[in-house]
Amino acid sequence: MLENDEIFIPNEVIAEIVYVLQKVYTVKNDEISNILLNLLQYENLNVYNIEVVKEAFVLFSNRKIDFVDTLLYAYHKVNGYEVCTFDKKLNKLFEK
């Protein structure tokens, strides 16, 4: 299927994949990032706003932070979206 069909993977599904790899299979953040960034190289695989997803994986591979939070940060960094959160760790990233 991955080699023959056009596939769309919503960012919510990517977040769920990350969660399962991290929490169920105890795969490290940098490994998850590398594996999924390689997967996203397939030309027939589409995600919403690939630049945001790539930026999120860069941050995810380097920090102890939830993937959903890295997506929020990436939406801010790549698209300039304002993100409001009570998460102190995430707010510190926005201050940099």
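See the structure printed just above.
Calculation notes
- Residues numbered from 1 in each chain as written.
- Predicted model: local features only at pLDDT ≥ 70, side-chain atom pairs only at ≥ 80, totals over all residues.
- Heavy atoms only, no water.
- Helix = DSSP H or I, 4+ residues; strand = E, 2+ residues; numbered from the N terminus.
- Rg over C-alpha atoms; globule rule 2.2 N^0.38 Å.
- Buried < 20%, exposed > 50% of the residue type's maximum accessible area, 1.4 Å probe, protein only.
- Contact = heavy atoms within 4.5 Å.
- Areas by Shrake-Rupley, 256 points an atom, 1.4 Å probe, with all protein chains shown as cover.
- Lys, Arg positive; Asp, Glu negative; His and termini not counted.
- Charge placed at Lys NZ, Arg CZ, Asp CG, Glu CD.
- Core = buried A, V, L, I, M, F, W, Y, C linked by side-chain atoms within 4.5 Å.

Caption draft 1: Region of interest: the overall build of the chain. Looking only at helices and strands, the chain has five helices and two strands in total. Computed over its C-alpha atoms, the radius of gyration of the chain comes to 14 Å, within 12% of the 12 Å expected for a compact globule of 96 residues. Referenced to the eigenvectors of the C-alpha coordinate spread, the extents of the chain come out at roughly 45 × 30 × 15 Å. A buried classification covers 35% of the 96 residues belonging to the chain. Partitioning the contacts of the chain with sequence separation of at least 6, the portion at a separation of at least 24 is 55%. Of the roughly 6600 Å² of accessible surface on the chain, 53% is carried by carbon and sulfur atoms. Treating the 10 positive side-chain charges of the chain as one cloud and the 15 negative ones as another, the clouds have centres 14 Å apart.

Caption draft 2: Looking closely at the nonpolar core. Core analysis: the biggest nonpolar cluster contains 20 residues, and Ile14, Val18, Phe57 and Phe67 have the highest contact counts within it. Among the secondary structure elements, those contributing two or more residues to this core are strand S1 (7-9), helix H1 (11-24), helix H2 (29-39), strand S2 (45-47), helix H3 (50-62) and helix H4 (67-79). Broken down by element, the residue count for this core peaks at five residues, all from H3. In this structure, Ile65, Tyr73, Val83 and Leu90 belong to the second largest nonpolar core, which totals seven residues.

Caption draft 3: The arrangement of the environment of Val13 in detail. Note on placement: Val13 falls in helix H1. The class of Val13 is partly exposed, set by a relative accessible area of 36%. Expressed as a C-alpha distance, the spacing of Val13 and Asp30, which sit 17 residues apart in the sequence, is 19 Å.

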